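In case you want the letters, here they are:
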Number of protein chains: 4
Amino acid sequence: MIKVKAFGGYSKIGKSMTAIDIDGEIILTDMGADIEKLVNFEEDKNDITVNDLTALIDNGVIPDDRNFFLEDGKKVKAIVLTHGHLDHIWAVPFLSQKYKCPVIATPFTIKVIENLMKNFKVRSLKLVQLNTGTMYKISDSIKLELVNITHSIPNSSMIALHTKQGVIIYANDWKFDNTPTLGKKPDYERLEELRKEGIFLLISDSTNAEVDGYTFSESVVKIMLEDIIKKSLDNKTIFISTFSSHIARIKNIVEISRKMNRNVMIFGRSMDMYIKAAISTGVINRGTLPEVTVRREQINNALKYVAERPGKYVIICTGHQGEKGAFLDKLVTGQYQYRLSNEDAVIFSSRTIPTPVNEANKGMLKNALESLNVNVADNVHVSGHASKNDHKLLIKMLMPKHLIPSHGGIEKLSANIELAREFGYELNKNSYIILDGQEITFQ
Amino acid sequence: MIKVKAFGGYSKIGKSMTAIDIDGEIILTDMGADIEKLVNFEEDKNDITVNDLTALIDNGVIPDDRNFFLEDGKKVKAIVLTHGHLDHIWAVPFLSQKYKCPVIATPFTIKVIENLMKNFKVRSLKLVQLNTGTMYKISDSIKLELVNITHSIPNSSMIALHTKQGVIIYANDWKFDNTPTLGKKPDYERLEELRKEGIFLLISDSTNAEVDGYTFSESVVKIMLEDIIKKSLDNKTIFISTFSSHIARIKNIVEISRKMNRNVMIFGRSMDMYIKAAISTGVINRGTLPEVTVRREQINNALKYVAERPGKYVIICTGHQGEKGAFLDKLVTGQYQYRLSNEDAVIFSSRTIPTPVNEANKGMLKNALESLNVNVADNVHVSGHASKNDHKLLIKMLMPKHLIPSHGGIEKLSANIELAREFGYELNKNSYIILDGQEITFQ
Amino acid sequence: MIKVKAFGGYSKIGKSMTAIDIDGEIILTDMGADIEKLVNFEEDKNDITVNDLTALIDNGVIPDDRNFFLEDGKKVKAIVLTHGHLDHIWAVPFLSQKYKCPVIATPFTIKVIENLMKNFKVRSLKLVQLNTGTMYKISDSIKLELVNITHSIPNSSMIALHTKQGVIIYANDWKFDNTPTLGKKPDYERLEELRKEGIFLLISDSTNAEVDGYTFSESVVKIMLEDIIKKSLDNKTIFISTFSSHIARIKNIVEISRKMNRNVMIFGRSMDMYIKAAISTGVINRGTLPEVTVRREQINNALKYVAERPGKYVIICTGHQGEKGAFLDKLVTGQYQYRLSNEDAVIFSSRTIPTPVNEANKGMLKNALESLNVNVADNVHVSGHASKNDHKLLIKMLMPKHLIPSHGGIEKLSANIELAREFGYELNKNSYIILDGQEITFQ
Amino acid sequence: MIKVKAFGGYSKIGKSMTAIDIDGEIILTDMGADIEKLVNFEEDKNDITVNDLTALIDNGVIPDDRNFFLEDGKKVKAIVLTHGHLDHIWAVPFLSQKYKCPVIATPFTIKVIENLMKNFKVRSLKLVQLNTGTMYKISDSIKLELVNITHSIPNSSMIALHTKQGVIIYANDWKFDNTPTLGKKPDYERLEELRKEGIFLLISDSTNAEVDGYTFSESVVKIMLEDIIKKSLDNKTIFISTFSSHIARIKNIVEISRKMNRNVMIFGRSMDMYIKAAISTGVINRGTLPEVTVRREQINNALKYVAERPGKYVIICTGHQGEKGAFLDKLVTGQYQYRLSNEDAVIFSSRTIPTPVNEANKGMLKNALESLNVNVADNVHVSGHASKNDHKLLIKMLMPKHLIPSHGGIEKLSANIELAREFGYELNKNSYIILDGQEITFQ
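Source: prediction; values computed, not measured.

## Side note on the relation of the copies chain A and chain D
Here's step 1: Laying chain A over chain D is done by rotating through 180° and shifting 0.0 Å along the axis; what remains is an RMSD of 0.0 Å. These values place the two chain copies in the arrangement generated by a two-fold rotation axis. Within chain A, Ala360 of chain A has its C-alpha nearest the rotation axis, a separation of 2.4 Å.
Here's step 2: The fraction of interface residues of chain A whose copies in chain D are also interface residues reaches 100%, indicating that both copies meet through the same surface.

Structure follows, in structure tokens:
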């Protein structure tokens, strides 16, 4: 008997967590936060600690596993994480300890979790680094394997559980990037082998299941960035903002900038954290990227230095969502000693995540930049999530016996159900919609 | 005294033609058709001949120069064309002869005009090939020069007229592509030199003046195509449709396909025409591209051959706008002996030009492809027209005394006026909106 | 045991048909066509006859009941139709006969079916007119009742089946119009009573389940029309196009026009058919509306007459979707002896149904009107389908044990599932998604 | 010689002010604020006083008339205001005094200005109430007349200046409402007469010049509100938020509510101000509307009272733009002792004015309402500005010698230029685009 219980990520993107019960042994996959609600929570309360556990659950910031723990907590054999994004791992310091079991992920992901634990002063004794391609025995009947996949953060993986019913694949947050600019391309060979073994169940990302066509490779962004930076070279300073965890993107910006004879500075605490995690796990070599400037005063000094050297610097920074208090917001509101003008460039290597707060912040930031006549380029970005045709490729590759879409609201899950129809998947027969709080049992 | 008269392209994109009167000597720049109206006209009347001249003018297909010719026809010293797109040159066979003056353009553009003349059985004695970078004396007081620029067709140019008032630049249909995949990048050095000489007037493309940011290079499309074709390699046949005149794009598709061990076939009469023009003018070498298959029967035979060789062919073809009677329309409606299935791919390396007819045709084509579960990728494309920031770069580069936006309706022209404001251009003082049929005089 | 089988209308709007099996006795509800596919089918084949049955099924124009008939045909006790729209009744002449059972509907709906039968030269012996509010015994264990509801066609009803498990309500194509301009408002009292009896199952329209707020009453359109017509009174002729079956709308236009001292003419065969059906069933009185002009020659003569009487006429006509061959298309393409100018008005009292063909036709029609400077008003219309908040009202009113959304693709069905959540409906527990071809059984 | 100088409202909506120089005598029309910038300014500085004059100008909140005053200040003979919206009058207390001339407007507008003056502790000695339809002698050669027009605030007028060159009409913020629910319909007769007198110049609103069709009457909203309120009657409390100055709308809500046996309360200081202005100028009778509750504590008490009387109250309140600190924001964030639930209704009788801040605030407000399952209806509203066809009606009615669009950015002005073309208006010949800071002279 296999039972799948959806804790988060099946009614809305965010707060991913699933329990997979295999004949009485349970694996928890992912343990994330609802980022939108986390931001609201943080606004009211600056210093979150482990004492906020109940409030975090009650405010919908992290999954509610209370009843589950009481009933089934002892059956949990492992917590496995796919990658280091906060909507997949942020809840680990709060929820994982009470399950007396290992927390397993790839090295970079583990490093990010260690940082979270440090922040929240939580000690966990059972963090297990597992490289992709290695088998890990969870119990006599369950073996775990992480399969290398591409996404917008290093060391992303699909979770493969070998059971006597067949392989269960939990594939959350993935794209098929055949020419990644950091790390390896998806391990298609291994996926093919797993298919031969027989896939019992595929749980798969639905973020872009409604988007036609394919998701482009990071190589496309690399050449877009090269193009835009080249056009911005006459500008005094080029500010580029992107996701702090997107190490590949950051590395590309640094390389392109240097190739074009610009020095690079990187600003921001989150940049520092992810880059250090990348270095310490060998994702990138020390020295590939410049040191990150973190302290406000140092950033200000750096900017004064840069202001005196027009045409010499590219600044990689935070604030692409227009977040209040992030670097770009402070820069545009005059909180640093650098005066933006129509001789500067600001490049957003990201897209605006569509929440009202983000859209407002970004709108106001762009208005402010426009009133200063700053040269702006937005959306120099491609998604980290598979599009419709990529999903079809994965399904064709795996041909699972059962299919459960995740990572989306019911419309996105439905789109994933729809696209599978051409391969013979039929709703409620071998493809299923389950929403947060629901479960499904396969006899 | 300099006088600019707008015949077409100032109230709507299409039918470009401008008269520039320099102290009594007139240069006509561009001489195109309104493509939407041309399509309607052709529907009613299959074989257009020079006898349709009046009907073409009355139906708004080509510029109405009748009164102008009577009054000022004798003052016309040259007809100069920027590039070979039909909205810039289609009217040449109909309108140019009565002006007893040379028709001047770059070699590829001239070749396309020769083909048009052949079609309409028109003989013109005064076609003049002018290479970019060469000076041509039009009269004692006017010298002409074509400046190399990038666009979505080979051999595109800006027109520079050297007059005693300064240089007049007519810049229609251009983008700044710093890494073009065919031909040279824009001749920035020459533009800088012209600026030093003093630019009296800039007439400039407004197609994308309302689009934020920069227009990406053709190199970006090249890597997008590589990415998409790679993902389509498991498909039996990959059909890619693009603009027939976009030789750079076609060449890239051929190169990528061959690199991935697929043979290429090219189908369609218009493909054949433009490719031959490109070869005969040295834009590409003979042998770079495969022979084009033109006749229906041969295309059918070729398809039968391809059908028996799954995984071996890429087909470059017409029909990306869903045009009735073009290859893709015939293919999907079963008029060829090739049955599309979910094992084929159709890639649209274009965007749908937004007219009701195109949108309907494309919508129906895509519906049909979807009902066959064909793998479709659309919009694998970047524009051939400058965006807002590119326009700012040009203005900064040239700093003309006067600015007249063209190639758009009043909204697009307005957007071009707006973006120039930061450089001190003010409406009716040194930037101007003129619409089709209007003129403006500089004393 | 109750079993619901979805034939059409659960994967896409159109082709509505559902089989409800109650302990071995089956009721078929609705029997419609996929209008988009019907239009395509008609394009290829002008005269559809009953001999086209197989082709109609194979082309997806009408539901495929072939296997069902073989297996369960004899169990069918009644075919019940909700209202007279073709996506709910068009297939009756083709599919109903072989089931030896009555076809039951309200009088106006029956009349429309009779017209269809006449067209296709089909004779059915068992058409049963059932007024809303009357009980009809289908068998010892099943009683049928039609409950008066509002929609965009007269005599619309919800189907209520009284069974020993409780009441089953099939509610397709409805809105809550509390101030209808023709007929009565929804029979809320009866719905309340049925709820007390206990609702076992609600199958409900999802067309606008994703649209926020409430759907406005036809009274809103009435006053909109009054406003627009008043503003158009200086025009020579006012052409108003709306749905032929929307008798309430047509009646309102006539009344408003007369109040403003304009005579009214109505043009078109479909107008004639529906209006006659309305008169013969007492929906409107004879004399309420003017005679309909049907024949092309007569229409032409009428137009000549109208052209000579500027300011005197309102013409109600077909063609609001831009359909080729309908009145407005012919008018604008000069096929009648009436020259449109900027002194005429064309009012579209409809919205464009979003298919590629409609959007193209409508776009071209509007372009043509614009080029003649005709005064156009579009979208003078409100929907005939319930919005999100209306759905909530129905659910609160009925509180069914089980809920199955219909009339939409999976996204619309999902939206209906979503909005029910606040009342405790949970997917797969007491609310369900079934798609065309699927069935669900309640033990 | 007539000269028109644009101070504000010609490059962006807001900050309306125009100087019309008639042979050396100047009339200033409107004197408003840029509301978006005013909101930002207020955020930084709570108590604006007349000492902020320079800062207000420098921050772009009010028109910059400094140079103008020095040069031409003495020529100003009158300041005339069209209506009481703040983007047309807010700057009066700051700018008007130094011109030693009367400030003229309709009674309600004057009342609103008096309130502003009280707020800013400014005394102006020359406020002149002028009823529509009355002639006012400004000088020997200029007579002023206010023509009754409809808009979304009482007592709106077009300004007509009788000069020896002909009539100059300044028509800002108007719609053609033929069935207004408060006040009279537009004075078409007078406009016709003025036309006979000969219109030299029309300066006209362009807000919705790009919107197809006609703008609907307030009667349409009235019936929409009736429909929505009727559907909300089962709810405990119905909260309706609209513009405080929209007295007609407020009056309709009160009447409808009472008709449906609901008592009404009105909350908010701005509601109080406008309603009092309306009463004191006879726009509505005392007693037509309930007393407004203004103080926070009283509002809280009222809400407690209402909470105990479910089904009995309609609350008219502020906050429809989601403004922080307005009633709805406070209500939803729990700052009052009233708990919203799925048994309450919130109706927005407004549209969201599209600035990033508004869109964010409104988005967050609606999210919060949704998470409480409150029944929401948005956009129960029609615009107060003329659409494309209404503009054509005005032009046809007046046939001015010259046309200058105002109240919009260059795109909206362009749309107004475009729609006038069918009547023979040609850009730069008899229709003109001038932007803020520019002027145009008619010899």
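## Things to note about the interface of chain A and chain B
Here's step 1: Counting residues at the interface gives 30 residues for chain A and 30 residues for chain B.
Here's step 2: Where chain A abuts chain B, roughly 2800 Å² becomes buried across the two surfaces, and 53% of that area is made up of carbon and sulfur atoms.
Here's step 3: Taken together, chain A and chain B are joined by two salt bridges.
Here's step 4: Close ionic contact of Lys231 of chain A with Asp390 of chain B constitutes a salt bridge, the shortest N to O distance being 2.8 Å.
Here's step 5: Between the two partners, chain A and chain B, sit 12 residue pairs in polar contact (both at pLDDT 80 or more).
Here's step 6: Contributions of two or more residues to the side of chain A that touches chain B are made by helix 8 (218-231), strand 17 (375-377) and helix 14 (388-398) of chain A.
Here's step 7: Looking at the side of chain A that touches chain B, the element that brings in the most residues is helix 8 of chain A, giving eight residues.

## Topic: helix 14 (residues 388-398) of chain D
Residue and element names in this part refer to chain D.
Here's step 1: Across the 11 residues of helix 14, nine count as buried, placing the element largely inside the fold.
Here's step 2: All buried positions along helix 14 are accounted for by Asn389, Asp390, His391, Lys392, Leu393, Leu394, Ile395, Met397 and Leu398.
Here's step 3: Positive backbone phi, at 40°, marks Met399, one or two positions downstream of helix 14.

## What to know about the packing of helix 7 (residues 188-197) of chain D against helix 14 of chain D
All names here are of chain D.
Here's step 1: Two numbers describe how helix 7 lies on helix 14: the axes approach to 8 Å, and their chain directions differ by 45°. The orientation of helix 7 relative to helix 14 falls into the category oblique. In this structure, helix 7 contributes Tyr188, Leu191, Glu192 and Arg195 to the contact, and helix 14 contributes Leu394, Lys396, Met397 and Leu398.
Here's step 2: Residue classes in the contact of helix 7 with helix 14 are distributed as five nonpolar, no polar and three charged.

## Comments concerning the pattern of salt bridges
Pairs can form between side chains of opposite charge whenever their charged atoms are close.
Here's step 1: Across all of its chains, the model carries 104 salt bridges over all chains by this definition.
Here's step 2: Of the charged contacts in the structure, one is a salt bridge between Lys137 of chain D and Asp140 of chain D, with a shortest N-O distance of 3.3 Å. Comparing Lys137 of chain D with Asp140 of chain D, the two get one shared label, exposed.
Here's step 3: Within the structure, one salt-bridge network assembled from shared partners comprises Lys12, Asp34 and Glu36 of chain A.

## Focus: the pairing of strand 16 (residues 345-348) of chain B
Taken residue by residue, a regular strand's side chains alternate between the two faces of the sheet.
Residues and elements named next belong to chain B.
Here's step 1: Taking every second residue as pointing to the same face, both faces of strand 16 are buried, with Ala345 and Ile347 on one and Val346 and Phe348 on the other.
Here's step 2: Taken together, the four bridges between strand 12 (residues 237-241) and strand 16 define a ladder with parallel strand orientation. The partner of Phe239 across the bridge, within strand 16, is Val346.
Here's step 3: Taking the sense of rotation as the criterion, the β-α-β connection linking strand 16, helix 13 (residues 356-371) and strand 17 (residues 375-377) turns out right-handed.

## Thoughts on the interface of chain A and chain D
Here's step 1: Between chain A and chain D, the contact holds seven residues from the first and seven residues from the second.
Here's step 2: Across the chain A/chain D interface, buried area totals approximately 490 Å², and carbon plus sulfur atoms make up 77% of it.
Here's step 3: Summed over the three residues of chain A that lose the most area to chain D, namely Pro356, Ala360 and Met364 of chain A, the buried surface amounts to 63% of that side.
Here's step 4: Joining chain A to chain D, the criterion identifies zero salt bridges.
Here's step 5: Between the two partners, chain A and chain D, sit zero residue pairs in polar contact (both at pLDDT 80 or more).
Here's step 6: Per element, the largest residue contribution to the side of chain A that touches chain D is six residues, and it comes from helix 13 (residues 356-371) of chain A.
Here's step 7: When its residues are assigned to classes, the side of chain A that touches chain D shows four nonpolar, two polar and one charged.

## With respect to the relation of the copies chain A and chain B
Here's step 1: Its rotation angle being 180°, the transformation that places chain A on chain B also includes 0.0 Å of axial translation and leaves an RMSD of 0.0 Å.
Here's step 2: Looking at the interface residues of chain A, 100% of them are also at the interface in chain B, so both copies use one shared face.

## Looking at the sheet that holds strand 19 (residues 439-442) of chain B
Whenever strands of a sheet pair, they do so through backbone hydrogen bonds, lying parallel or antiparallel.
All names here are of chain B.
Here's step 1: The mixed open sheet is built from seven strands, whose spatial order is 6-5-4-3-2-1-19. What marks the edges here is a single partner per strand, and that holds for strand 6 (127-129) and strand 19. Strand-to-strand, the axes of this sheet are offset by a mean angle of 20°, without reference to chain direction.
Here's step 2: As paired strands, strand 1 (residues 2-8) and strand 19 are joined by four bridges and run antiparallel to one another. Directly across from Lys3, in strand 19, lies its bridge partner Thr441.
Here's step 3: Most of the contacts of helix 6 (residues 107-119) go to strand 6, to which it runs at about 155°, and overall it touches strand 5 (103-105) and strand 6.

## Section: the sheet that holds strand 8 (residues 143-148) of chain D
All names here are of chain D.
Here's step 1: The strand order 7-8-9-10-11-18 describes an open sheet built from six strands, whose pairing is mixed. The open sheet has two free edges, formed respectively by strand 7 (135-137) and strand 18 (402-406), since each of these has just one partner strand. Averaged over neighbouring strand pairs, the angle between their axes works out to 20° when direction is ignored.
Here's step 2: As paired elements, strand 8 and strand 9 (residues 157-163) share six bridges and run antiparallel to each other.

## Quick notes on the side chain of Asn430 of chain B
Residue and element names in this part refer to chain B.
Here's step 1: Structurally, Asn430 is set in the loop between helix 15 (410-420) and strand 19.
Here's step 2: You can call Asn430 buried: its relative accessible area is 15%.
Here's step 3: For Asn430, the contacting residues outside a window of four places in its chain are Lys401, His402, Leu403, Gly424 and Tyr425.

## With respect to the domain arrangement of chain A
Residues and elements named next belong to chain A.
Here's step 1: Domain annotation for chain A reports domain 1 (2-214 + 384-442) and domain 2 (218-377).
Here's step 2: Inter-centroid distance (C-alpha atoms) of domain 1 to domain 2 is 31 Å.
Here's step 3: With 18 residues of domain 1 in contact, the opposing surface of domain 2 contributes 19 residues.
Here's step 4: Counting each side, the surface lost to burial between domain 1 and domain 2 is near 1500 Å², with a carbon and sulfur contribution of 64%.
Here's step 5: Looking at the side of domain 1 facing domain 2, the largest losses of area belong to Phe108, Thr181 and Leu182, adding up to 39% of the total buried there.
Here's step 6: At the boundary of domain 1 and domain 2, one finds zero salt bridges.
Here's step 7: Inspection of the domain 1/domain 2 interface yields four residue pairs in polar contact (both at pLDDT 80 or more).
Here's step 8: Here the side of domain 1 that touches domain 2 takes five residues from helix 6 (residues 107-119), the largest share from any one element.
Here's step 9: Of the residues assigned to the side of domain 1 that touches domain 2, the class counts are seven nonpolar, seven polar and four charged.

## What about unusual backbone geometry?
For residues other than glycine, phi is negative in most cases, and the peptide bonds are mostly trans.
Here's step 1: Residue Lys15 of chain B is not a glycine yet carries a positive backbone phi of 65°.
Here's step 2: Along the chain, the position of Lys15 of chain B falls in the loop between strand 1 and strand 2 (17-22).
Here's step 3: Notably, Lys121 of chain D is not glycine yet its phi reads approximately 55°, a positive angle.
Here's step 4: Mapped onto the fold, Lys121 of chain D is located in the loop between helix 6 (107-119) and strand 6 (127-129).
Here's step 5: Lys121 of chain D sits in the exposed class, given a relative accessible area of 75%.

What counts, and where the lines are drawn
Positions within a chain are numbered from 1, following the residues in the order the chain's sequence is written. Whichever chain is written first becomes A and whichever ligand is written first becomes 1, with later ones labelled in order. Only residues with pLDDT of at least 70 get local features here, since the model is predicted, and only at 80 or more are side-chain atom pairs given and counted; chain-wide, interface and lining totals rely on the full set of residues. Each side-chain value is derived from all of the structure's non-hydrogen atoms; neither hydrogens nor water enter the calculation. Here the copies were fitted onto each other by least squares, based on C-alpha atoms from residues at pLDDT of at least 70 in both. Residues are treated as being in contact if the distance between any of their heavy atoms lies within 4.5 Å. Here the quantity called buried area is the accessible surface, traced with a 1.4 Å probe, that two parts lose on coming together, added over both. Salt bridge criterion: a side-chain nitrogen from Lys or Arg within 4 Å of a carboxyl oxygen from Asp or Glu. In protein, a polar contact means a hydrogen-donor-capable atom and an acceptor-capable atom, both N or O and within 3.5 Å, with residues adjacent in sequence counting only if both atoms are side-chain atoms; elsewhere, any N or O pair within 3.5 Å suffices. Numbered from the N terminus, helices here are DSSP runs of H or I no shorter than four residues, and strands are runs of E no shorter than two. Relative accessibility thresholds used throughout: buried, under 20% of the residue-type maximum; exposed, over 50%; partly exposed, between the two (1.4 Å probe, protein chains only). To obtain each axis, a line is fitted to C-alpha atoms, and for helices this fit is confined to the stretch in contact; angles are then taken between N-to-C directions over 0 to 180 degrees. Working rule for angles: under 35 degrees goes down as roughly parallel, over 145 as roughly antiparallel, 65 to 115 as roughly perpendicular, anything else as oblique. Only Asp, Glu, Lys and Arg are considered charged in this grouping, and only Ala, Val, Leu, Ile, Met, Phe, Trp, Tyr, Cys and Pro are considered nonpolar; every other residue, Gly among them, is considered polar. At least two DSSP bridges between two strands are needed for those strands to be called paired. Look down the strands so they point away from you; if going from the first strand over the helix to the second traces a clockwise path, that crossover is right-handed. Per the annotation, domain bounds derive from an automatic or database assignment of domains.

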